[in-house]
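# Examining the three-dimensional arrangement
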Amino acid sequence: QVQLVESGGGLVQAGGSLRLSCAASGRTFSRPFMAWFRQAPGKEREFVAGITWIGGSSYGDSVKGRFTISRDNAKNTVWLQMNGLKPEDTAVYYCAARTPGSGPSRALADFTFWGHGTQVTVSS
């Protein structure tokens, strides 16, 4: 009942920046907790950042201090600003939602809806 579509991925050099967006549609009245995950080939899907309905944020250890998550509920959009990118940030980035809306989580099983993913590639 909630559809998520990511955009903004691309190829960037180490030290550069990208801004990902996640557009939500469908039944968005549930006030979902939103998050970004990423998955590199052969690796587990990893929590990147999460944000509550009212804007409280949390980050994975590997991105803390470099990435910033934000949202505009009126626009049904979530962003991930990525600064100081490193080659190890290379992955497919997924937007995810917990529905109905609930508190913060970084466990894969807690998220009901997922976007299709957008590729981020960081080169030296």
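Residues numbered from 1 in each chain as written. Predicted model: local features only at pLDDT ≥ 70, side-chain atom pairs only at ≥ 80, totals over all residues. Heavy atoms only, no water.

## Regarding the overall build of the chain
A tally of regular secondary structure across the chain gives 0 helices and 11 strands. Ordered by position from N to C terminus, the α and β elements of the chain give β-β-β-β-β-β-β-β-β-β-β. Taking 2.2 N^0.38 as the reference for a compact globule, 124 residues should give roughly 14 Å; the C-alpha atoms of the chain span a radius of gyration of 13 Å, in line with that estimate. When the backbone C-alpha atoms are referred to their principal axes, the chain occupies close to 40 × 30 × 25 Å. Residues classed as buried in the chain amount to 47% of the 124 residues present. (Helix = DSSP H or I, 4+ residues; strand = E, 2+ residues; numbered from the N terminus. Rg over C-alpha atoms; globule rule 2.2 N^0.38 Å. Buried < 20%, exposed > 50% of the residue type's maximum accessible area, 1.4 Å probe, protein only.)

## A short note on the environment of Gly103
By the element assignment, Gly103 lies in the loop between β9 (91-98) and β10 (113-114). Residue classification places Gly103 among the partly exposed positions, given a relative accessible area of 35%. Here Gly103 is in contact with Phe33 and Arg98, once residues within four sequence places are set aside. (Contact = heavy atoms within 4.5 Å.)

## Describing the side chain of Arg98
In this structure, Arg98 sits in strand β9. As a buried residue without a salt bridge, Arg98 has its nearest oppositely charged side chain in Asp110, at a separation of 4.2 Å. Not counting the four nearest positions on each side in its chain, Arg98 is found in contact with Pro32, Phe33, Gly103, Pro104, Ser105, Asp110, Phe111 and Thr112. (Lys, Arg positive; Asp, Glu negative; His and termini not counted. Salt bridge = Lys/Arg side-chain N within 4 Å of Asp/Glu carboxyl O.)

## Structural notes on the sheet that holds strand β3 (residues 18-26)
Within the open sheet, the 4 strands sit side by side as β1-β3-β8-β7. Their pairing is antiparallel. Each having just a single partner strand, β1 (2-7) and β7 (67-72) make up the two edges of the open sheet. Between one strand axis and the next, the sheet turns through 15 degrees on average, direction left out of account. (Pairing = 2+ DSSP bridges. Axes fitted to C-alpha atoms, helices over the stretch in contact; angles between N-to-C directions.)

## A word on the state of the cysteines
Within the structure shown, the criterion is met by 1 disulfide. A sulfur-sulfur separation of 2.1 Å characterises the disulfide bridge that pairs Cys22 with Cys95. Residues Cys22 and Cys95 are joined through a disulfide that is left-handed, its torsion about the S-S bond being -80 degrees. Of the two residues, Cys22 sits in strand β3 while Cys95 sits in strand β9, which places them 73 residues apart along the sequence. Taking relative accessible area as the criterion, Cys22 reaches 1% and is therefore assigned buried. (Disulfide = S-S within 2.5 Å.)

## Some words on unusual backbone geometry
Keep in mind that most residues, glycine aside, have a negative phi and that most peptide bonds are trans. At Asn76, a position not held by glycine, the phi torsion is positive, near 55 degrees. Relative to the assigned elements, Asn76 resides in the loop between β7 and β8 (77-82). The exposure class assigned to Asn76 is partly exposed, which follows from its relative accessible area of 29%.

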